[in-house]
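Understanding the architecture of this molecule
Here's the letter readout for the chains.
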Amino acid sequence: AAMALTFALTTLAWIFFRAPNLHVAFGYIHGMVNYSLFSMPQIIPKRLTAILFVFILLEWQSRGKIHALQFSSTKITWPIRYSYYLLIGYSIVFYQNYHNPSEFIYFQF
(Lines give C-alpha, C1' and ligand atoms only; values in the text may rest on other atoms or scores of the structure.)
Protein backbone atom coordinates (compact mmCIF):
# COMPACT_ATOMS: atom_id res chain seq x y z
CA ALA A 1 0.00 0.00 0.00
CA ALA A 2 2.84 2.38 0.84
CA MET A 3 4.53 1.69 -2.50
CA ALA A 4 1.31 2.42 -4.41
CA LEU A 5 0.79 5.66 -2.49
CA THR A 6 4.38 6.75 -3.17
CA PHE A 7 3.97 5.95 -6.87
CA ALA A 8 0.67 7.86 -7.09
CA LEU A 9 2.03 10.93 -5.33
CA THR A 10 5.21 10.94 -7.41
CA THR A 11 3.24 10.62 -10.63
CA LEU A 12 0.95 13.44 -9.55
CA ALA A 13 3.95 15.63 -8.73
CA TRP A 14 5.41 14.98 -12.19
CA ILE A 15 2.31 16.53 -13.73
CA PHE A 16 2.98 19.79 -11.90
CA PHE A 17 6.69 19.58 -12.69
CA ARG A 18 6.16 19.21 -16.44
CA ALA A 19 3.19 21.55 -16.93
CA PRO A 20 3.97 25.14 -17.93
CA ASN A 21 1.58 26.53 -15.29
CA LEU A 22 -0.97 25.43 -12.68
CA HIS A 23 -3.96 25.95 -14.95
CA VAL A 24 -2.54 23.53 -17.52
CA ALA A 25 -1.58 21.04 -14.78
CA PHE A 26 -5.10 20.98 -13.39
CA GLY A 27 -6.41 20.64 -16.96
CA TYR A 28 -4.24 17.51 -17.37
CA ILE A 29 -5.58 16.06 -14.14
CA HIS A 30 -9.17 16.85 -15.12
CA GLY A 31 -8.59 15.16 -18.47
CA MET A 32 -7.27 12.05 -16.74
CA VAL A 33 -10.16 11.57 -14.33
CA ASN A 34 -13.18 12.49 -16.45
CA TYR A 35 -15.77 9.99 -17.71
CA SER A 36 -13.72 9.07 -20.79
CA LEU A 37 -11.54 6.97 -18.48
CA PHE A 38 -14.33 4.40 -18.34
CA SER A 39 -15.17 4.34 -22.05
CA MET A 40 -13.73 2.03 -24.69
CA PRO A 41 -11.01 3.45 -26.98
CA GLN A 42 -12.17 4.51 -30.42
CA ILE A 43 -9.68 2.49 -32.48
CA ILE A 44 -7.66 -0.52 -31.38
CA PRO A 45 -5.63 -2.06 -34.23
CA LYS A 46 -6.13 -5.81 -34.52
CA ARG A 47 -2.43 -6.39 -35.05
CA LEU A 48 -1.52 -4.54 -31.85
CA THR A 49 -4.21 -6.42 -29.94
CA ALA A 50 -2.83 -9.75 -31.20
CA ILE A 51 0.71 -8.84 -30.14
CA LEU A 52 -0.46 -7.79 -26.68
CA PHE A 53 -2.40 -11.04 -26.34
CA VAL A 54 0.73 -13.06 -27.20
CA PHE A 55 2.78 -11.08 -24.66
CA ILE A 56 0.18 -11.68 -21.95
CA LEU A 57 0.19 -15.42 -22.74
CA LEU A 58 3.99 -15.47 -22.65
CA GLU A 59 4.03 -13.68 -19.31
CA TRP A 60 1.37 -16.00 -17.87
CA GLN A 61 3.23 -19.08 -19.08
CA SER A 62 6.39 -17.78 -17.36
CA ARG A 63 4.77 -16.63 -14.12
CA GLY A 64 6.77 -19.00 -11.92
CA LYS A 65 10.13 -18.10 -13.44
CA ILE A 66 12.54 -15.26 -12.83
CA HIS A 67 11.63 -13.46 -16.07
CA ALA A 68 9.29 -14.02 -19.00
CA LEU A 69 11.97 -15.20 -21.43
CA GLN A 70 13.48 -17.89 -19.22
CA PHE A 71 13.11 -20.99 -21.41
CA SER A 72 14.49 -23.75 -19.23
CA SER A 73 11.81 -26.24 -20.20
CA THR A 74 12.33 -28.70 -23.04
CA LYS A 75 8.71 -28.11 -24.16
CA ILE A 76 9.72 -24.86 -25.87
CA THR A 77 11.54 -25.64 -29.09
CA TRP A 78 13.98 -23.25 -30.71
CA PRO A 79 11.59 -22.08 -33.48
CA ILE A 80 9.01 -21.02 -30.88
CA ARG A 81 11.66 -19.33 -28.76
CA TYR A 82 13.07 -17.38 -31.71
CA SER A 83 9.53 -16.49 -32.80
CA TYR A 84 9.09 -14.82 -29.42
CA TYR A 85 12.35 -12.93 -29.93
CA LEU A 86 11.31 -11.78 -33.40
CA LEU A 87 7.90 -10.70 -32.14
CA ILE A 88 9.50 -8.62 -29.40
CA GLY A 89 11.90 -7.05 -31.89
CA TYR A 90 9.06 -6.35 -34.32
CA SER A 91 6.95 -4.69 -31.64
CA ILE A 92 9.85 -2.53 -30.47
CA VAL A 93 10.69 -1.32 -33.97
CA PHE A 94 7.20 -0.77 -35.36
CA TYR A 95 5.31 0.38 -32.24
CA GLN A 96 7.90 2.56 -30.54
CA ASN A 97 6.13 5.79 -31.53
CA TYR A 98 2.69 4.37 -32.23
CA HIS A 99 0.56 6.60 -30.05
CA ASN A 100 2.52 9.83 -29.73
CA PRO A 101 5.62 10.30 -31.87
CA SER A 102 7.20 12.81 -29.50
CA GLU A 103 10.72 12.93 -28.22
CA PHE A 104 11.56 11.01 -25.05
CA ILE A 105 11.20 13.37 -22.09
CA TYR A 106 14.73 12.95 -20.71
CA PHE A 107 16.33 13.88 -24.02
CA GLN A 108 14.99 17.41 -23.53
CA PHE A 109 17.29 18.13 -20.57
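Residues numbered from 1 in each chain as written. Predicted model: local features only at pLDDT ≥ 70, side-chain atom pairs only at ≥ 80, totals over all residues. Heavy atoms only, no water.

**Focus on the overall build of the protein chain**
The helix and strand tally for the protein chain stands at 4 helices and 0 strands. When the elements of the protein chain are put in sequence order from the N terminus, they spell out α-α-α-α. Counting all 109 residues of the protein chain, 14% fall into the buried class. A sequence separation of at least 24 residues applies to 45% of the contacts in the protein chain between residues at least 6 apart. Here the protein chain displays about 9700 Å² of accessible surface, and carbon together with sulfur accounts for 70% of that area. (Helix = DSSP H or I, 4+ residues; strand = E, 2+ residues; numbered from the N terminus. Buried < 20%, exposed > 50% of the residue type's maximum accessible area, 1.4 Å probe, protein only. Contact = heavy atoms within 4.5 Å. Areas by Shrake-Rupley, 256 points an atom, 1.4 Å probe, with all protein chains shown as cover.)

**Quick word on helix α4 (residues 78-94)**
Look at α4: 24 Å from first C-alpha to last across 17 residues, which is about the 24 Å you get at 1.5 Å a residue. All of the buried residues in α4 are Y84, L87 and S91. Summarising the axial view, the buried residues of α4 lie within an arc of 65°, below the 170-degree limit, and thus occupy one face. Across from the buried face of α4, at angles greater than 90 degrees, the exposed residues are W78, L86, I92 and V93. (Expected span 1.5 Å × (residues − 1). Arc of directions from axis to C-beta.)

**Considerations on the packing of helix α1 (residues 2-18) against helix α2 (residues 22-32)**
Close contact between α1 and α2 brings their axes to 8 Å; oriented N to C, the two are set at 140°. Judged by the angle between their axes, α1 and α2 are oblique. α2 is crossed by α1, and the crossing has right-handed handedness. Contacts between α1 and α2 involve L12, I15 and F16 from the former and L22, A25, F26, Y28, I29 and M32 from the latter. (Axes fitted to C-alpha atoms, helices over the stretch in contact; angles between N-to-C directions. Parallel < 35°, antiparallel > 145°, perpendicular 65-115°, else oblique. Left-handed = near helix turned anticlockwise from the far one by under 90°.)

**Comments concerning the packing of helix α3 (residues 46-61) against α4**
Running from amino to carboxyl end, α3 crosses α4 at an angle of 135°, the nearest separation of the two axes being 11 Å. Taken as axis vectors, α3 and α4 run oblique relative to one another. The crossing of α3 and α4 is left-handed. Residues R47, I51, V54, F55 and L58 of α3 pack against Y84, L87, I88, Y90 and S91 of α4. Along the lines of polarity and charge, the residues of the contact of α3 with α4 split into 8 nonpolar, 1 polar and 1 charged. (Nonpolar A, V, L, I, M, F, W, Y, C, P; charged D, E, K, R; others polar.)

**Structural notes on the packing of aromatic side chains**
With the rule as written, the count across this model stands at 3 aromatic pairs. Ring geometry for F16 versus F26: centroids 5.4 Å apart, planes at 75°, classification edge-to-face. On the criterion of sequence distance, the pair formed by F16 in helix α1 and F26 in helix α2 is long-range, its members being 10 residues apart. Look at F16 and you get partly exposed, because its relative accessible area is 30%. Measuring from centroid to centroid gives 6.3 Å for W78 and Y82, while their planes differ by 70°, and the two rings are edge-to-face. Placement of the pair is W78 and Y82 together in helix α4, with a separation of 4 residues, close to one helical turn. Of the residues examined, W78 reaches a relative accessible area of 60% and is grouped as exposed. By the ring-pair criterion, three or more aromatic residues cluster together here, those being W78, Y82 and Y85. The positively charged end of R63 is found above the aromatic ring belonging to W60, 4.2 Å away from the centroid. (Phe/Tyr/Trp six-rings, centres within 6.5 Å; stacked < 30°, edge-to-face > 60°. Lys NZ or Arg CZ within 6 Å of the ring centre and 35° of its normal.)

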